[in-house]
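Analysis of the macromolecular model
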Amino acid sequence: KPTARSIYTEGSAGWENAEMLIWSNDWEAVRKLWEPYINDTDKELANRAIYNMAVYYEMQGELEMAIKYATICVNDYQNMKAYRYLKVLKNKDKS
């Protein structure tokens, strides 16, 4: 059964196309949209990019990296969406 995850589609130019790229399974293009913003000086943009990268890594089967990125969102940005997501990831890691 495919895993459904929410992502941030508002952030920077092109982010609104992420959903379409995901549906076409072009995760590399999605990564290229989000990754440049993980250290952005705009903290909200960086937060969203880091969260989205957590989703990217989960979908690539890199659960450890997904947990790392979700943890950054929780610890550095107090992102409640990431907090809930991190719990899901940690439960997935136990199975």
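Here is what the cut-offs are and how they apply
Residues numbered from 1 in each chain as written. Predicted model: local features only at pLDDT ≥ 70, side-chain atom pairs only at ≥ 80, totals over all residues. Heavy atoms only, no water. Helix = DSSP H or I, 4+ residues; strand = E, 2+ residues; numbered from the N terminus. Contact = heavy atoms within 4.5 Å. Expected span 1.5 Å × (residues − 1). Buried < 20%, exposed > 50% of the residue type's maximum accessible area, 1.4 Å probe, protein only. Polar contact = N/O pair within 3.5 Å; in protein donor to acceptor, adjacent residues only side chain to side chain. Axes fitted to C-alpha atoms, helices over the stretch in contact; angles between N-to-C directions. Parallel < 35°, antiparallel > 145°, perpendicular 65-115°, else oblique. Left-handed = near helix turned anticlockwise from the far one by under 90°.

**Let's talk about the environment of T9**
Positionally, T9 belongs in the segment before α1 (18-23). A C-alpha to C-alpha distance of 9.9 Å links T9 and W34, two positions 25 residues apart in sequence. Once residues within four sequence positions are removed from consideration, T9 is found in contact with W15, E16 and E19.

**Looking at unusual backbone geometry**
A positive phi angle is found at N25, which is not glycine, with a value near 65°. The topology assignment puts N25 in the loop between α1 and α2 (27-34).

**As for helix α3 (residues 43-59)**
Its 17 residues give α3 an end-to-end C-alpha distance of 24 Å, which sits within 8% of 24 Å, the value for a rise of 1.5 Å per residue. Burial analysis of α3 places 13 of its 17 residues in the buried class, which makes it a mostly covered element. Capping the start of α3 is the job of one residue whose side-chain oxygen sits 3.1 Å from the backbone nitrogen of E44: D42.

**Here we look at the packing of α2 against α3**
The geometry of α2 relative to α3 is characterised by a closest axis approach of 10 Å and an angle of 160° between their N-to-C directions. The angle between the axes of α2 and α3 places the two elements in the roughly antiparallel class. Here α2 runs over α3; the crossing is left-handed. Facing α2, whose interface residues are W27, E28, R31 and W34, α3 presents A49, N52, M53, V55, Y56 and M59.

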